[in-house]
Amino acid sequence: MTSVVIVGSGFTGFECARTLAKKLRKQRPDVEISLISPVDYMLYTPLLPDVAGGLVDARFVAIPLANALRGVQAIRGRVDEVDFEGRTVTFTDPEKRSRALQWDRLVLTPGSVTKLFDVPGLAEHARGLKSTAEALYLRDHVIQQLELADVDDDPGRRRARRTIVVVGASYSGTELAVQLRALADSAANQMSFDPSEVNFLLLDLAEQVMPEVGEKLGEAAQRVLKERGIDVRLGVTLKEVHAEHVVLSDDSLIRTHTVAWVTGVTGAPLIEKLGLPTERGRLKVTTELQVPGHSGVFAAGDAAAVPDVTQPGKITPPTAQHATRQGKVLARNVAASLGVGKPKRYKHRNMGLVVDLGPRYAVANPLNVQLSGFPAKIVTRAYHVYAIPRFVNRWAVTLAYLTDLFFDRPVVSFGLSTQEDAQFSASEGIPTPKAG
Ligand SMILES: Cc1cc2nc3c(=O)[nH]c(=O)nc-3n(C[C@H](O)[C@H](O)[C@H](O)COP(=O)(O)OP(=O)(O)OC[C@H]3O[C@@H](n4cnc5c(N)ncnc54)[C@H](O)[C@@H]3O)c2cc1C
């Protein structure tokens with residue numbers, strides 16, 4: 001029996017497993033494909049801002065591995081070590097038992113984690129947006145702060161509870177800010193307070209909002225953010241984070257109880273542990289997605305520094321667009337290494353980006369066509385509904401969008417994701433020592 005082990009069930013690992021199982025089904029039914037991941041789903045991250053904004057339910061953006069990956073054994077666990085000589089991986093299962101698995105081909109797709117900087121108080125008081133736990137925590141926390149503000153007699157503290165700071169004005173941070181704004185507006189409407197009393201700050205060290213969409217759309221986005229009452233401050237970041245205030249790099253002090261940190265990503269912690277060459281925290285691979293010097297070992301997605309053959313000298317950016325396509329090429333090249341088909345190098349030209357900017361507005365540049373406003377909104381929503389890889393999820397997300405057209409967002413916080421669940425270390429699967 002020949003075995004292929006895939007590490008991670010994100011865009012890359014999921015697509016690789018699905019395509020590989022199809023490719024090998026007839027010609028190599030003897031090959032056993034296993035996929036190890038701490039979760040039993042593939043997370044459609046582009047809609048996490050919608051989850052944080054209370055627009056879409058968290059289950060709708062999780063694609064269950066059960067029945068989506070026919071012919072693949074899904075194993076719950078986090079890979080801790082790879083033994084390249086002995087061709088085994090060691091992983092910890094959900095009951096904290098250590099187990100080992102033999103491989104003939106290994107596919108490393110553990111994705112990325114939020115990049116943290118040495119800002120005092122950041123890891124303790126800020127929260128990211130890489131997991132459903134973080135998205136749900138942010139939603140619940142914002143609602144709770146608005147509810148507490150409503151009955152707070154101290155005007156300074158009331159204002160602090162109604163101030164939300166988002167750091168990172170790339171597409172995901174900007175989408176988060178506008179979705180939280182829409183949630184706050186909905187809450188204001190239902191709880192009968194003035195929505196302009198909720199203050200939003202969007203910070204970035206860069207000179208432009210969303211450099212990914214170009215100058216013209218970036219400026220359009222900035223205008224809309226201003227109209228939505230979001231105070232964009234460029235060339236500024238956090239200097240200190242405290243439980244009830246932050247200090248910015250220009251030394252201004254902002255009283256706030258909510259800080260979201262969405263500034264960028266670096267390769268998953270497993271990559272550093274491998275002790276292999278990396279570039280910007282991502283594992284170096286060839287254009288055929290092989291790990292140099294280790295035959296039978298492949299890697300791609302956010303975890304890998306994949307050469308961008310359309311722009312020599314550069315690596316492909318960490319996006320779902322590349323991750324999904326790299327997953328397919330991985331499958332093809334792993335199959336080729338097992339005698340099925342021929343390998344190919346990874347080549348993909350960026351097809352543009354869609355960015356949802358809240359009610360009735362988006363910006364998008366599909367195939368370099370610059371769109372903004374309502375037409376971009378339709379393209380953005382249609383794109384996501386098309387791109388989610390399962391009919392039931394598409395159906396549920398479409399219904400959520402339709403519901404949002406006619407009704408206010410629900411102001412409900414179940415508190416199921418605690419502050420600890422949403423810590424950066426928890427979303428990376430690193431256990432946090434319990435206090436006391
Ligand atoms: C909020 C947000 C919005 C985004 N919006 C967009 C967008 O609009 N368009 C776009 O193109 N991209 C977007 N992205 C980027 C996109 O999500 C990533 O590029 C993509 O998820 C990368 O896929 P991946 O498979 O490499 O990693 P991931 O999707 O992160 O998956 C990694 C998987 O590996 C697992 N894993 C990690 N460590 C281990 C381990 N040690 N053992 C086993 N399993 C492990 C994880 O649990 C996960 O299942 C967004 C990202 C975020 C966070």
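Residues numbered from 1 in each chain as written. Predicted model: local features only at pLDDT ≥ 70, side-chain atom pairs only at ≥ 80, totals over all residues. Heavy atoms only, no water.

### A short note on unusual backbone geometry
Its identity as a non-glycine residue notwithstanding, Asn-67 has a phi of 70 degrees, on the positive side. Along the polypeptide, Asn-67 turns up in the loop between β4 (62-64) and β5 (72-76). Unlike most non-glycine residues, Met-210 shows phi in positive territory, near 45 degrees. Assignment of secondary structure puts Met-210 in the loop between β12 (199-204) and α7 (214-227). (Helix = DSSP H or I, 4+ residues; strand = E, 2+ residues; numbered from the N terminus.)

### Observations regarding the packing of helix α1 (residues 11-27) against helix α9 (residues 320-337)
Between α1 and α9, whose axes approach to 7 Å, the crossing angle comes to 35 degrees. Handedness of the α1/α9 crossing: right-handed. Contacts between α1 and α9 involve Phe-11, Thr-12, Glu-15, Cys-16, Thr-19, Leu-20, Lys-23 and Leu-24 on the former and, on the latter, Ala-320, Ala-323, Thr-324, Gln-326, Gly-327, Lys-328, Leu-330, Ala-331, Arg-332, Val-334 and Ala-335. Its residues assigned to classes, the contact of α1 with α9 shows 10 nonpolar, 5 polar and 4 charged. (Axes fitted to C-alpha atoms, helices over the stretch in contact; angles between N-to-C directions. Left-handed = near helix turned anticlockwise from the far one by under 90°. Contact = heavy atoms within 4.5 Å. Nonpolar A, V, L, I, M, F, W, Y, C, P; charged D, E, K, R; others polar.)

### Let's talk about the domain arrangement of the chain
By domain assignment, the chain separates into domain 1 (2-38 + 77-114 + 266-337) and domain 2 (122-263 + 352-405). Using C-alpha coordinates to define each centre, domain 1 is positioned 32 Å away from domain 2. The interface of domain 1 with domain 2 comprises 9 residues on the first partner and 5 residues on the second. Approximately 500 Å² of surface area, both sides summed, lies buried where domain 1 meets domain 2, with 45% of it carried by carbon and sulfur atoms. Counting across the domain 1 and domain 2 interface gives 0 salt bridges. Across the domain 1-domain 2 interface, the total number found is 2 residue pairs in polar contact (both at pLDDT 80 or more). (Domains from an automatic or database assignment. Buried area = accessible area lost by both parts, 1.4 Å probe. Salt bridge = Lys/Arg side-chain N within 4 Å of Asp/Glu carboxyl O. Polar contact = N/O pair within 3.5 Å; in protein donor to acceptor, adjacent residues only side chain to side chain.)

### Focus on the sheet that holds strand β24 (residues 362-364)
Pairing within the open sheet is antiparallel, and its 3 strands lie in the order β23-β24-β25. Whereas interior strands pair on both sides, the edge strands pair on one side only; in this sheet they are β23 (354-356) and β25 (371-373). Across this sheet, the average inter-strand angle for adjacent strands is 5 degrees, counted without regard to direction. Strand direction decides the pairing type here: β23 and β24, joined by 3 bridges, are antiparallel. The partner of Val-355 across the bridge, within β24, is Val-363. Helix α10 (residues 374-387) contacts β23, β24 and β25 of the sheet and is inclined by roughly 105 degrees relative to β25. (Pairing = 2+ DSSP bridges.)

### A few points about a positive patch on the surface
Where like charges cluster on the molecular surface, the positive patch consists of Lys-22, Arg-25, Lys-26 and Arg-70. Looking at the secondary structure, you find Arg-70 in the loop between β4 and β5. (Patch = residues over 30% accessible without salt bridge, like charges linked within 9 Å, V, L, I, M, F, W, Y side chains within 5 Å. Areas by Shrake-Rupley, 256 points an atom, 1.4 Å probe, with all protein chains shown as cover. Lys, Arg positive; Asp, Glu negative; His and termini not counted. Charge placed at Lys NZ, Arg CZ, Asp CG, Glu CD.)

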